[in-house]
Structure formats: structure tokens, C-alpha cells
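Survey of secondary and tertiary structure
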Amino acid sequence: MAFDRCESDLTDETSPDISRISQAMSRMRVLIKNRAIGKLIMSAAAPDLDMSHLDVIELVRRGPQDGEVTIGHVAEKMCMDPSRASRVVAYLVDSGILSRAVSQADARRAVIVLTDKGQAILKEKRRVKLEMIEKILSDWTDEEVAQFAELYARFVDEFENLALPGRE
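Described in the following lines is the structure provided in the data block. Since we're looking at a predicted model, the values are computed, not measured.

Remarks on the packing of helix α5 (residues 71-78) against helix α6 (residues 82-94)
- Remark: α5 packs on α6, axes separated minimally by 8 Å, with the N-to-C direction vectors making an angle of 110°. If you check the angle between α5 and α6, you find them roughly perpendicular. Helix-helix and strand crossings are classified by hand; for α5 and α6 the assignment is right-handed. Across the interface between the two elements, I71, V74 and A75 of α5 pack against P82, A85, S86 and V89 of α6.
- Considered class by class, the residues forming the contact of α5 with α6 number six nonpolar, one polar and no charged.

Given below as C-alpha cells:
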């Protein structure tokens, strides 16, 4: 791989295993940046939507601390201006994926919720993602999969702790 050549040209005192992890992280970052994984999932789960739509659907699913998602929340978390967030949400409402409801905390405020169609898209997205992971790991032993699952989760947990200190 090109990353292997480029990164291996750097001279340092890092162990070969740490260097391999770094190289793999760089390759995965490019896949994530290019949204390659998401595009594969979307082509199977919801081909008529784009990635920003899926991001909003996921954002609504996760919801904020108070449990209510508003256009302002979508705009803030997606780093969009409110008018763009409003257009994306309107498209998803028109598509039957999201719906608007009245806030339980403040009846003057509209909140956004997932519809059954939105839930079905997320369920299909999860199914396709799990299918992809199973395919990738299909020739691994059960022990290798278990060990990778434990170590990968541990690695990501520690990475989050380092990158996002004070997060709960």
C-alpha cells in the first residue's frame, strides 16, 4: 500500500507493531474521510439519500441530553447554518423519514422525531454494516474475532479518553 511505503520511509524509534497500527489508522482515516464505508452502506440501505441525510437521521436517533431534537440542534451538531439544516430536515420529513412534533417541554417549539420509515432505514443500515463486518471477518477464527472485538473496543475507548478528556 502507498501508505505503508510513505510512512515506512520515516525514520524513528517506534516499534514495528506501533508503526503498523499507525499505518492502518491512516488508511482507515482515508476510508472514513472519503465516506467509503458509509457510501457502501447507503447504496444498499437507502440509495435515494445522501450521506448528510444519513448523518441527520443518526443525529435524531441519538438525540441530545434533553431528548428533543430541534432544527437548531441539527444545525449546531452538523455545523450547518440553520437554513440548510431546515432544508435537509424538510426533505427528510417530505420523504416520510422524519416527522415534526410539538415539544413536551415547550409547546412553542417544534421537535424532530424518527418515523417508522426512518427506523427501518437505520435497521437496514445496521444490517448491512454487520453483514460487511461479518464478510471481512469470515475467515477469522472465533477466537481471533473475540480478541479483536475486545482489543478494538479497548483501543477506541482509550482513544476517546485521550482525544475527548472529561467526556462521560
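Concerning the nonpolar core
- By size, the foremost hydrophobic cluster in this structure holds 24 residues, and its most contacted members are L49, V56, V74, L92, L98 and I112.
- With six residues, helix α4 (residues 51-62) is the largest single contributor of residues to this core.
- Dropping the residues within four chain positions of it, V74 is found in contact with V56, L59, V69, A85, V89 and I112.

Some remarks on the environment of L98
- As for its position among the elements, L98 is in strand β1 (residues 98-102).
- Sequence spacing of L98 and D116 is 18 residues, and the spatial spacing of their C-alpha atoms is 8.6 Å.
- Residues within four places of L98 in sequence aside, it is in contact with V56, V60, V89, L92, V93, I112, V113, L114 and T115.

What counts and what doesn't
- Residues numbered from 1 in each chain as written.
- Predicted model: local features only at pLDDT ≥ 70, side-chain atom pairs only at ≥ 80, totals over all residues.
- Heavy atoms only, no water.
- Axes fitted to C-alpha atoms, helices over the stretch in contact; angles between N-to-C directions.
- Helix = DSSP H or I, 4+ residues; strand = E, 2+ residues; numbered from the N terminus.
- Parallel < 35°, antiparallel > 145°, perpendicular 65-115°, else oblique.
- Left-handed = near helix turned anticlockwise from the far one by under 90°.
- Contact = heavy atoms within 4.5 Å.
- Nonpolar A, V, L, I, M, F, W, Y, C, P; charged D, E, K, R; others polar.
- Core = buried A, V, L, I, M, F, W, Y, C linked by side-chain atoms within 4.5 Å.
- Buried < 20%, exposed > 50% of the residue type's maximum accessible area, 1.4 Å probe, protein only.

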